[in-house]
Amino acid sequence: MDERLTAINGFLTACDELINGTYVLADVKISEVLKSIAGSKDLTDLFSAVTERFDYPKAKQLCLRFPAAKGAAHGAAFLPSDRGEVLAFVFCLLVEFDGGAVRLNDFLLRYFYDDGSYTASFSLFADRMLRPFRDIVAGCFPEACRAGNAFRYLEKEGSAMEAIASRVNAELSRLAGLQLSEPDRKAGGSILSEMLAAAGRLDTQEVKALACGYFYFLRAVGAGGEEAEALFSLVNGL
């Protein structure tokens, strides 16, 4: 394996260690992810490209909502629908954590609150934001694709999945405002988060399987609607 792919694999390994690691070590692992980006020309080129015209303050206003719904005690966070903007948004967020501009513990309890536990809240953050971030970068560097073509690959592939990701984010927002029990809300959010990650990987079969599961979840809790039907329509068109 050449040095370029070794550097990219180092980034993916650092992401895995962050995603699968503990909240206690998160600050250290975030620094390692950012260092791995700085150590790879392909990755620095990729992130330079996606952040060049990215309006991070505006994205924060759109993606970080507090409260999640009228009268709610906590907020909610969503990813942009465009995969390039997902990379830019999460990258900028990690830079803020690493630089101390945003405290990770405050962010977790504000937007990913789960029973007041930093560990559980970090797990939600990892599944809903870090995993799609990692998977999109992995998709930019498939073994058969030369690393130098990474951003062109990102631009050309997955328009259908971008539309699905947009609908999934809208559905996450709708779910946050529904009158559901906390276990039901977590179950629905988990399915949608996995669907978002699968869309980032361009994994059609996984997206379809998760959409089927989400269909039956909505039927069980009596929470269907036009927004969900729009999501299912996009998935059926894959």
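Treat the numbers as computed from the prediction; the structure is a model and nothing was measured. (Residues numbered from 1 in each chain as written. Predicted model: local features only at pLDDT ≥ 70, side-chain atom pairs only at ≥ 80, totals over all residues. Heavy atoms only, no water.)

1. Remarks on the overall build of the chain
When its secondary structure is counted, the chain shows twelve helices and two strands. The secondary structure elements of the chain, listed N-terminal to C-terminal, are α-α-α-α-β-β-α-α-α-α-α-α-α-α. A compact globule built from 238 residues would reach a C-alpha radius of gyration of about 18 Å, and the chain, at 17 Å, matches this within 12%. The dimensions of the chain, computed from C-alpha atoms along their principal axes, are 55 × 40 × 30 Å. Out of the 238 residues in the chain, the part that is buried amounts to 45%. If you take every contact in the chain between residues at least 6 apart in sequence, the share linking residues at least 24 apart comes to 67%. Of the accessible surface of the chain, which amounts to about 11700 Å², a share of 50% is contributed by carbon and sulfur atoms. Averaging the positions of the 25 positive and the 32 negative side-chain charges in the chain gives two centres separated by 3 Å. (Helix = DSSP H or I, 4+ residues; strand = E, 2+ residues; numbered from the N terminus. Rg over C-alpha atoms; globule rule 2.2 N^0.38 Å. Buried < 20%, exposed > 50% of the residue type's maximum accessible area, 1.4 Å probe, protein only. Contact = heavy atoms within 4.5 Å. Areas by Shrake-Rupley, 256 points an atom, 1.4 Å probe, with all protein chains shown as cover. Lys, Arg positive; Asp, Glu negative; His and termini not counted. Charge placed at Lys NZ, Arg CZ, Asp CG, Glu CD.)

2. Considering the packing of helix α2 (residues 26-38) against helix α5 (residues 83-99)
Two elements in contact, α2 and α5, have axes whose closest approach is 9 Å; the angle formed by their N-to-C orientations is 125°. Between α2 and α5, the crossing angle belongs to the class labelled oblique. Crossing handedness for the pair α2 and α5: left-handed. Listed contacts from α5 to Ile30, Ser31, Val33, Leu34 and Ile37 of α2 are Phe91, Leu94, Val95, Phe97 and Asp98. Across the contact of α2 with α5, the residue classes break down as eight nonpolar, one polar and one charged. (Axes fitted to C-alpha atoms, helices over the stretch in contact; angles between N-to-C directions. Parallel < 35°, antiparallel > 145°, perpendicular 65-115°, else oblique. Left-handed = near helix turned anticlockwise from the far one by under 90°. Nonpolar A, V, L, I, M, F, W, Y, C, P; charged D, E, K, R; others polar.)

Any functional reading would require information that these geometric values do not contain.
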